[in-house]
Amino acid sequence: MIETIGGIGMSPLEILLLLGVVGLLSSRWCPPRARRPVALAAAAVVAVSGIVLTVRGLRWQMAPALAGVLVALAFAVPVLAGRPARRVRRWLALPGVVVCIGLVCASATAAWAVPVPVFPGPSGPYAVGTAVMQWTDVSRPEPATDEPGDHRTVVVQLWYPAPKGTAGPRARYLGRTEREARTVADGLTGYIGVPAFLLDDAVRARTGAVYDAPAAAGRFPIVLFSPGLGGVRTQNTAWAEELAGRGYVVAALDHPYDSAAVVLDDGRTIRTRVVATGDDEEDRRLATGWTAVRAADLSFVLTQLGRLDRGEIRGPLTGRLDTARAAATGHSMGGGAALRAARQDSRFAAVIDLDGYPYDPAPGSYHQPVLALTHPVDPADNPSYIPRLTRILSLSTSESYRITVPGAAHLTFADAPLYMPPVPSVVGSLGRTGGLTVTTAATMAFLDATLRDKPGDLATLLRPYGDLTVHRPVRKDDTGNRDADDGHDGLDRVRAGRPAPGS
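Just so it is clear, the structure is predicted and the values come from calculations on it, not from any experiment. (Residues numbered from 1 in each chain as written. Predicted model: local features only at pLDDT ≥ 70, side-chain atom pairs only at ≥ 80, totals over all residues. Heavy atoms only, no water.)

**Student:** How do you make sense of the overall build of the protein when you look at a structure like this?
**Tutor:** Summing up its helical and strand segments, the protein has 13 helices and 14 strands in all. Buried positions account for 52% of the 503 residues belonging to the protein. Counting only carbon and sulfur atoms, one obtains 57% of the accessible surface of the protein, whose full area is about 21,800 Å². A gap of 13 Å separates the mean positions of the 52 positive and 47 negative side-chain charges of the protein. (Helix = DSSP H or I, 4+ residues; strand = E, 2+ residues; numbered from the N terminus. Buried < 20%, exposed > 50% of the residue type's maximum accessible area, 1.4 Å probe, protein only. Areas by Shrake-Rupley, 256 points an atom, 1.4 Å probe, with all protein chains shown as cover. Lys, Arg positive; Asp, Glu negative; His and termini not counted. Charge placed at Lys NZ, Arg CZ, Asp CG, Glu CD.)

**Student:** How should I be thinking about the packing of aromatic side chains in this particular structure?
**Tutor:** Here the distance between the centres and the angle between the planes together describe a pair of aromatic rings. As enumerated under the stated definition, the model contains seven aromatic pairs in all. Relative to Tyr173, the ring of Phe119 has its centre 4.9 Å away and its plane inclined at 50°; by these criteria the two rings are tilted. Linking Phe119 in the loop between helix 4 (90-113) and strand 1 (127-141) with Tyr173 in the loop between strand 3 (170-172) and helix 5 (178-192), this pair joins segments that are 54 residues apart in sequence. An identical accessibility class is assigned to Phe119 and Tyr173; each is buried. Taken together, a centroid distance of 5.9 Å and an interplanar angle of 65° make the contact between Tyr173 and Tyr419 edge-to-face. With Tyr173 in the loop between strand 3 and helix 5 and Tyr419 in the loop between strand 12 (400-404) and helix 11 (424-427), this residue pair connects regions lying 246 residues apart in the sequence. As far as the burial class goes, Tyr173 and Tyr419 line up, both buried. Members of the aromatic cluster, joined through ring pairs, are Phe119, Tyr173 and Tyr419. It is Arg343 that lies over the ring of Tyr366; its NZ or CZ is 5.8 Å from the centre. (Phe/Tyr/Trp six-rings, centres within 6.5 Å; stacked < 30°, edge-to-face > 60°. Lys NZ or Arg CZ within 6 Å of the ring centre and 35° of its normal.)

**Student:** How should I be thinking about the packing of helix 8 (residues 280-310) against helix 9 (residues 333-344) in this particular structure?
**Tutor:** Describing two packed helices takes the angle between their axes plus the distance from one axis to the other. The interhelical angle for the contact between helix 8 and helix 9, taken along N-to-C directions, is 60°, at an axis separation of 8 Å. On the basis of the axis angle, helix 8 is oblique to helix 9. You can see that helix 8 and helix 9 cross each other, and the crossing is right-handed. Note on element contacts: helix 9 touches helix 8 through Met333, Gly334, Gly336, Ala337, Ala338, Arg340, Ala341 and Gln344, opposite Ala287, Thr288, Trp290, Thr291, Ala292, Arg294, Ala295 and Leu298. In terms of residue class, the contact of helix 8 with helix 9 is made up of nine nonpolar, five polar and two charged. (Axes fitted to C-alpha atoms, helices over the stretch in contact; angles between N-to-C directions. Parallel < 35°, antiparallel > 145°, perpendicular 65-115°, else oblique. Left-handed = near helix turned anticlockwise from the far one by under 90°. Contact = heavy atoms within 4.5 Å. Nonpolar A, V, L, I, M, F, W, Y, C, P; charged D, E, K, R; others polar.)

**Student:** Would you mind going over the pattern of salt bridges with me for this structure?
**Tutor:** One side chain can pair with another of opposite charge once the charged atoms of both are near each other. Under the counting rule described, the total for this entry stands at 27 salt bridges. Residue Arg140 pairs with Asp297 through a salt bridge whose shortest N-O separation is 2.7 Å. With Arg140 in strand 1 and Asp297 in helix 8, the pair connects residues that are 157 residues apart, well separated along the chain. Glu178 serves as the salt-bridge partner of Arg172, at 3.9 Å between the closest nitrogen and oxygen. Residue classification places Arg172 among the buried residues on the basis of a relative accessible area of 16%. Each of the salt bridges in this network shares a partner with another, and the network as a whole consists of Asp137, Arg140, Glu142, Arg152 and Asp297. (Salt bridge = Lys/Arg side-chain N within 4 Å of Asp/Glu carboxyl O.)

**Student:** Quick question: what am I supposed to make of the environment of Leu40 here?
**Tutor:** Structurally, Leu40 is set in helix 2 (residues 32-57). Sequence spacing of Leu40 and Ala106 is 66 residues, and the spatial spacing of their C-alpha atoms is 25 Å.

**Student:** Mind showing me how you'd approach the pairing of strand 4 (residues 206-211) here?
**Tutor:** Looking along a regular strand, one sees the side chains alternate between the two faces of the sheet. Pairing of strand 1 with strand 4, which is carried by two bridges, proceeds in the parallel orientation. Paired with Gly129 across the bridge in strand 4 is Val210. As paired elements, strand 3 and strand 4 share two bridges and run antiparallel to each other. What sits directly across from Arg170, in strand 4, is Val210. (Pairing = 2+ DSSP bridges.)

**Student:** Any chance you could explain helix 5 here in plain terms?
**Tutor:** Because an α-helix completes one turn every 3.6 residues, residues spaced three or four positions apart along the sequence face the same direction. Taking 1.5 Å per residue, 15 residues should reach 21 Å; helix 5 reaches 21 Å between its end C-alpha atoms and fits that length. If you check which residues of helix 5 are buried, you get Glu180, Ala181, Thr183, Val184, Ala185, Gly187, Leu188 and Thr189. Buried residues in helix 5 make contact with helix 6 (200-204), strand 7 (261-263) and strand 8 (269-271). Backbone geometry just after helix 5 places Gly193 at a positive phi near 75°. (Expected span 1.5 Å × (residues − 1).)

**Student:** Could you clarify how one ought to interpret the state of the cysteines in this entry?
**Tutor:** A covalent bond between the sulfur atoms of two cysteines is referred to as a disulfide. Applying the stated criterion to the full structure yields zero disulfides. Free of any disulfide, Cys100 has its nearest neighbouring cysteine sulfur in Cys105, separated by 9.7 Å. A relative accessible area of 1% places Cys100 in the buried class. (Disulfide = S-S within 2.5 Å.)

**Student:** For this particular structure, what's the right way to read the side chain of Asp201?
**Tutor:** By secondary structure assignment, the location of Asp201 is in helix 6. Take Asp201: its relative accessible area is 1%, and that puts it in the buried class. Within the local environment of Asp201, its side chain forms a polar contact with the side chain of Arg204, the two groups lying 3.2 Å apart. Beyond its immediate stretch of four places on either side in the chain, Asp201 contacts Arg59, Gln61, Val114, Pro115, Val116 and Pro117. (Polar contact = N/O pair within 3.5 Å; in protein donor to acceptor, adjacent residues only side chain to side chain.)

**Student:** Mind showing me how you'd approach the packing of helix 1 (residues 12-27) against helix 2 here?
**Tutor:** Remark: helix 1 packs on helix 2, axes separated minimally by 8 Å, with the N-to-C direction vectors making an angle of 150°. Taken together, the axis directions place helix 1 and helix 2 in an arrangement best described as roughly antiparallel. Relative to helix 2, helix 1 is oriented so that their crossing is left-handed. Across from Leu13, Glu14, Leu16, Leu17, Gly20, Val21, Gly23, Leu24 and Ser27 in helix 1, the residues of helix 2 making contact are Arg35, Val38, Ala39, Ala42, Ala43, Val45, Val46, Ser49, Gly50, Val52 and Leu53. The residue inventory of the contact of helix 1 with helix 2, partitioned by class, reads 13 nonpolar, five polar and two charged.

What follows is the structure in structure tokens.
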């Protein structure tokens, strides 16, 4: 894997390849004495960089530049051969120059638009370890199949604090092996309907965690994470690693049959069976059912983590997990599942919903505080989202918070901005890392307050990250009427400026 330079998305060798192509193209127009030396130097740069890139893994973004080499050679061959340069008719030379420059620019643009994801190193006091577990709930039949004896199985990836200075090969992004990463990438691209090569760099990418590293000393709060529909357990790796570096254990789930691709220990691959029907009522019914399955998965994994802590399950975190301080979190459908899991399972102490719609058809009151981060929702596009989320948050007997993040889109709250084309409607307009910065800072403030009892006014801490609405629990007097002292039906709205990426 060749390390790329942040911001431009290219490695030094790739930059040299593009410069070599431009050198070949321009050599013909150099002063007579400089023509052949420039052409020879440019040809050497193209040859060496091209060979090394091919051996180490040539990226598809460089394909236009390689085509540009052929065009540039048409201009440079006479110079390289030492023959006098002949004048080329303008109508013939100009198109060739334009085509060659266009191909070079196409490579540079493709590398910038679809870069190798670069995962920031954790900023906390710990290094990060990671491990993958597979657990089967023998008490639940698999709802997606009719096979007798098929019980619900989930794959869980843990990110956890490791001693500072822990060294070792960095974990792959999309899977434990290159083959698994490719399988997951194929599942993702197939699910969203884009060419498979667009995730080639994500397949190659390495993260900041070390597989099966020893755990740091101490007992750590737990953050369980459910990805979006069609998402995978690693979709929020940058966020998970940052939390782990600051002393949390993150357990992210693959939910078989609605994750894009789940690779089991025996090598089987389970792809999603949940597809939109186009009928709003039917899609809502399906989403409600799968949200319930996911909520049960979260509760099951919390139980398994307790067994892991007690040493009943083999793993790196025996004696390191504080299951009394656990948060249910998720993105998109996973956020709705986290809300439902908390309402059904009092063991969860807090909830984080990252732009997720709550599908629970009959919600009741619950005790956990909630942090909901959303993109700016146009009521014309989704008239029920914010009213429904507001109602669910108002059912909590604890103070809860909703932040509308300016400049965010639905995928802002995942890893997607690190490697997807910067289309604002898809990944938002906060840049490659701005969404990660806001998501991490807001969720860390919330988790520190709710799981670690860190002192401070949480509303004040959350205010810089967007338009804040505080949902205060509404009390009832002895007559059953709302207490007039609460005011605003339990809602306080605080408007804040747009968060600055990297702040």
